[in-house]
Each structure stands twice: as structure tokens, then as C-alpha cells.
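Here's the letter readout for the chains.
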Amino acid sequence: MSEAKPFGISKWEVWEAYKRVKANKGAAGVDEQSIADFERNLKGNLYKIWNRMSSGSYFPPPVRTVKIPKANGGERKLGIPTVSDRIAQVVVKLRLELAVDPLFHPNSYGYRPGKSALEAVGQARQRCWRYDWILDLDIKGFFDNIPQDLLLRAVKKHAKEQWMVLYIERWLKAPVQEEDGQLVTRDKGTPQGGVISPLLANLFLHYAFDRWMAKQYPRVPFERYADDAIVHCRTEVEAQEVRAAIAVRLRECGLELHPEKTKIVYCKDDDRRRTYPNEKFDFLGYTFRPRRSKNRFEKYFINFSPAVSDKAVKAIRAEIRSWNLHLRSDKAIDDLSRMFNPILRGWLQYYGRYYRSALYPPMRQLDRSLARWAYRKYKKLRRHLRRATHWVARISRRDPKLFAHWQMGVRRGSLAGAV
């Protein structure tokens, strides 16, 4: 290291960070520079990032604000950094992650190497069978309200190099640019959409929630995915006590439980038959509730288990409609397969892990869309939608690998009477 380059950041680290940003794609920031634009002078742009970061002269540009509609009718603000800034954030994230991730609680699943949302869903499923009650936590405006002084105290405790603290503080203080171009300064929170924000959120909640729970309630298990958390309790009284204690703890850390969205839920099944107002909850795209299931002896029983949520099904249906398959009569069925199969596989791999039959209705909607596509494309099928439906069913039996959902347990040909 020289006086001109006091910070030990290698060019290889910047190159690795660029490859990750490129793989994640993403929108342009305030400079309107896309990844393709950035790559027109790739060597020069990467050198500029390395040169400024290693000399201490890197200052992040404002974060572009994008409003995303929420399912409840509100809006969520996402902060979109520039491509260059995303690369710089990945450099710091990878260094800090090496120091802090080994310390994190095993029940913290969000945005961690080797952890996944499906693991959290599976663990919650197992524990809902053993514990009668859950506490469904919702932290009000979490990413927007994290106290930066407390967060930086945690960063300073674990960051091995001073430059990591320097740049994280600059990212936290960087203004946001609203959609009308107005610059807004920030004194709290970390932008939801920033590359390093999920790691900072995990670090904050490691101290604000995970370690505190392990100390205060060592026999009360939980699953946490970023700010989405489920706590398992033996009795309703225990759930109420834990809820009150968590509310106090979060207030001490500058946060607040959402009074309406935080709720206590009874895990009802064949062995737990009492009736309570709340008997279902959503977690990571799944709805947990009493469901009719079949055991290994082919006997039906009521089981408290997860399946794809109504919100997720609604989003899947909207996505299928947006494809406008009936207007793509210029495409062959192989073309449609190449265009949409990756999306289908993603849905089935995630939402099909538990209670897969809940995916049948939206997948039947897709087959109806394919039937309308065939109806418009082939002369012999025009004016005969039922015949087009049977044609799709025959194709699904002959070549089930064309579309991922044709290989799941949906009864092929079942659409014949559903026109």
C-alpha cells in the first residue's frame, strides 16, 4: 500500500463484484447508465472504481427512488444505486460478510450464503406441528427506520478495515433522488434495493432481535428472513408475553411493531381443535393454515401446513395474462416453451415445494391460454376452442418436457371440460 492508495482493495475484488452485479442485472440509477452502457468502457470504468475506493476518494451518487405498489394498496420505495455504486457496494459487502456471517443466528435465513427462504418455510412448518401458537411479526417501515448510529456501532465492532466503515457511512448518508428529481437527505434507514442493505439489516437485527431472543427466551424458537419473522410459542399467554417484550425491545432499538399486521395465530389441526379468530398466516409467499392432507396409510386428516399464498397465486395469474399468448400466433410452441419455461420452473421449484396441488389452478389457466393460442394459430382449430383444448392436452402427453408444469401432478387432459 502507498500513501496514494492507503486502502488494501485489489483489482480482482472489483472484477468479482462486477461479475455479480452483471449476473443480477438490475435497472439503471440516477446516471441512467445500464450495465450494457457501463461495459462499453469496462476496463476504464472498473479502474475508476478501484482507484477511487483504494484511495479513499469514492463518494456514492444519490440513490434513485422507484415506487413499487404493495399488495395492500400502498407503495414501497426502492432505492436503485448506479451500476458503479452497486459494484462498489459488493466489494464492501463481500469483505464484511466474511466477518459477520459466521456469527449470525442459525434461525436467520435471509440473504445469507447457504441459506434460503424455502429452508425457513420448511423449518416453520416443522415447528408449527410442535408448537400450538405462533407470533407473526411485522416491523413497521423497517428499512426506512433503522437508526444509523446503532447500525454503525455494530459495523465498527466487526469491520476489520476502517475503509469499510467509511464507505458504509457514506452510503447510509447518501441522498435519495425522488421521481420528480428532488434530492432528499437521509438521517436514518438504509435504502431497500441497495446491494449492501440486506447484510446491514441482518447485522442490525442480529443484535436487536436474534441475540436478544436467544438470551431472554432461549426455549422459544423462531425463523427470521430479513425483517420477516415467525416466533413459536406453547400457549397463547406465552405468545402475548413475548409479543409485549419484543415490542419493548424494538422500541429500545428505534423500531416499532406494526400494530395491525403483527398477530398471534393458533396452529389448528386434527389434534388442536379449538377455534380462534386467527388460524392462518403468510410467510415468504406461503400461507400456513389447516389443510386436508393424506397420511402414508392413505387416510385423510387436517394438517396445519403451508401452500402458495393467495397473493402469490394472484401475481402468477397476472404474469401469465401479461404474456398475451393468444396474440403470439407468429410463434411456434417450441418458441413459447423457450420464452416462458424458465419462469415456470422458478415458480414450481419455489411454490411447489409444499402442497404442490395449490398450484394447479394457475397452471390450468396457463393451459387455457395455450388453447386460445392454438385456436388462433391453426386453421383446423378455429371456431373450435374445445378442440384446441384437447390438442394442448395431447401435446402435453406426447411431449411433457415442453412446459415445466406438464411434468407435475396435474391430471393431463383435465382441461377438456373446463372451457
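Above this text sits the structure in question.
So, here is what we can say about the structure in this document. Keep in mind that this is a model prediction, so the values were computed, not measured.

## Concerning the overall build of the protein chain
Stage number 1. The helix and strand tally for the protein chain stands at 14 helices and 11 strands.
Stage number 2. With the C-alpha coordinates aligned to their principal axes, the bounding extent of the protein chain is approximately 75 × 60 × 40 Å.
Stage number 3. Across the 419 residues that make up the protein chain, the buried fraction comes to 49%.
Stage number 4. Of the roughly 21600 Å² of accessible surface on the protein chain, 49% is carried by carbon and sulfur atoms.
Stage number 5. Placing the 80 positive and 46 negative side-chain charges of the protein chain at their respective mean positions leaves the two points 8 Å apart.

## Quick look at the sheet that holds strand S9 (residues 281-283)
The strands that make up a sheet pair up through hydrogen bonds in the backbone, lying either parallel or antiparallel.
Stage number 1. An order of S9-S10-S11 is seen for the three strands of this open sheet, with the pairing classed as antiparallel. Looking at strand neighbours, the two that pair on one side only are S9 and strand S11 (300-308), the edges of this open sheet. For this sheet, the mean angle separating the axes of adjacent strands, direction not counted, is 50°.
Stage number 2. Alignment of S9 against strand S10 (residues 286-294), held across three bridges, turns out to be antiparallel. Looking at S10, one finds that Phe 283 is bridged to Tyr 286.

## Here's the deal with a positive patch on the surface
Stage number 1. Residues Lys 380, Arg 394, Arg 397 and Arg 398 make up a contiguous surface patch of positive charge.
Stage number 2. Structurally, Arg 394 is set in helix H14 (residues 385-398).

## A look at the packing of helix H3 (residues 42-55) against helix H4 (residues 83-100)
Stage number 1. It is the contact of H3 with H4, at a shortest axis distance of 10 Å, that shows an interaxial angle of 50°. Relative to H4, H3 is oriented oblique. Along this stretch, H3 crosses H4, giving a crossing that reads as right-handed. Only Ser 84, Ile 87, Ala 88, Val 91 and Val 92 of H4 make contact with H3, whose side of the interface consists of Leu 46, Ile 49 and Met 53.
Stage number 2. Along the lines of polarity and charge, the residues of the contact of H3 with H4 split into seven nonpolar, one polar and no charged.

## Points about the environment of Lys 48
Stage number 1. Within the secondary structure, Lys 48 is located in helix H3.
Stage number 2. Judged by its relative accessible area of 42%, Lys 48 falls in the partly exposed class.
Stage number 3. Along the sequence, Lys 48 and Asp 210 sit 162 residues apart, while their C-alpha atoms lie 39 Å from each other.

## Here we look at the packing of aromatic side chains
Stage number 1. Under the defined criterion, the tally for this structure stands at 26 aromatic pairs.
Stage number 2. Their ring planes at 50° and their centres at 6.3 Å tell us that Tyr 167 and Trp 171 sit as a pair that is tilted. Of the two residues, Tyr 167 and Trp 171 are both situated in helix H8 (residues 162-173); the distance of four residues between them amounts to about one turn of the helix. Each of the two residues, Tyr 167 as well as Trp 171, counts as buried.
Stage number 3. Through a chain of ring-to-ring contacts, three or more aromatic side chains come together here, namely Phe 7, Tyr 58, Trp 163, Tyr 167 and Trp 171.
Stage number 4. The ring of Trp 50 is capped by Lys 11, whose NZ or CZ atom sits 4.8 Å from the centre of that ring.
Stage number 5. Taking the ring centre of Tyr 109 as reference, the NZ or CZ of Lys 115 above it sits at 4.7 Å.

## Focus: the sheet that holds strand S7 (residues 228-233)
Stage number 1. Spatially, S6-S7-S3-S8 is the arrangement adopted by the four strands of the open sheet, whose pairing is antiparallel. The sheet terminates laterally at strand S6 (222-225) and strand S8 (263-266), the two strands that pair on one side only. Going across the sheet, the axis of each strand differs from the next one's by a mean of 20°, ignoring polarity.
Stage number 2. Strand direction decides the pairing type here: strand S3 (residues 133-138) and S8, joined by four bridges, are antiparallel. Bridging across to S8, Trp 133 finds its partner in Tyr 266.
Stage number 3. Where helix H5 (residues 117-130) meets the sheet, it contacts S3, S6 and S7, and its direction lies at approximately 160° from that of S6.
Stage number 4. Packing of helix H10 (residues 236-252) onto the sheet brings it into contact with S3, S7 and S8, and relative to S3 it is tilted by some 20°.

## Thoughts on unusual backbone geometry
Stage number 1. Despite not being glycine, Glu 298 shows a phi value in the positive range, around 65°.
Stage number 2. Secondary-structure assignment places Glu 298 in the loop between S10 and S11.
Stage number 3. In this structure, Asn 324 takes a positive phi of about 50° despite not being glycine.
Stage number 4. Examined against the element boundaries, Asn 324 turns out to sit in the loop between helix H11 (310-322) and helix H12 (333-351).
Stage number 5. Asn 324 sits in the partly exposed class, given a relative accessible area of 35%.

Cut-offs applied
- Residues numbered from 1 in each chain as written.
- Predicted model: local features only at pLDDT ≥ 70, side-chain atom pairs only at ≥ 80, totals over all residues.
- Heavy atoms only, no water.
- Helix = DSSP H or I, 4+ residues; strand = E, 2+ residues; numbered from the N terminus.
- Buried < 20%, exposed > 50% of the residue type's maximum accessible area, 1.4 Å probe, protein only.
- Areas by Shrake-Rupley, 256 points an atom, 1.4 Å probe, with all protein chains shown as cover.
- Lys, Arg positive; Asp, Glu negative; His and termini not counted.
- Charge placed at Lys NZ, Arg CZ, Asp CG, Glu CD.
- Pairing = 2+ DSSP bridges.
- Axes fitted to C-alpha atoms, helices over the stretch in contact; angles between N-to-C directions.
- Patch = residues over 30% accessible without salt bridge, like charges linked within 9 Å, V, L, I, M, F, W, Y side chains within 5 Å.
- Salt bridge = Lys/Arg side-chain N within 4 Å of Asp/Glu carboxyl O.
- Parallel < 35°, antiparallel > 145°, perpendicular 65-115°, else oblique.
- Left-handed = near helix turned anticlockwise from the far one by under 90°.
- Contact = heavy atoms within 4.5 Å.
- Nonpolar A, V, L, I, M, F, W, Y, C, P; charged D, E, K, R; others polar.
- Phe/Tyr/Trp six-rings, centres within 6.5 Å; stacked < 30°, edge-to-face > 60°.
- Lys NZ or Arg CZ within 6 Å of the ring centre and 35° of its normal.

Geometric values such as these leave the question of function open.
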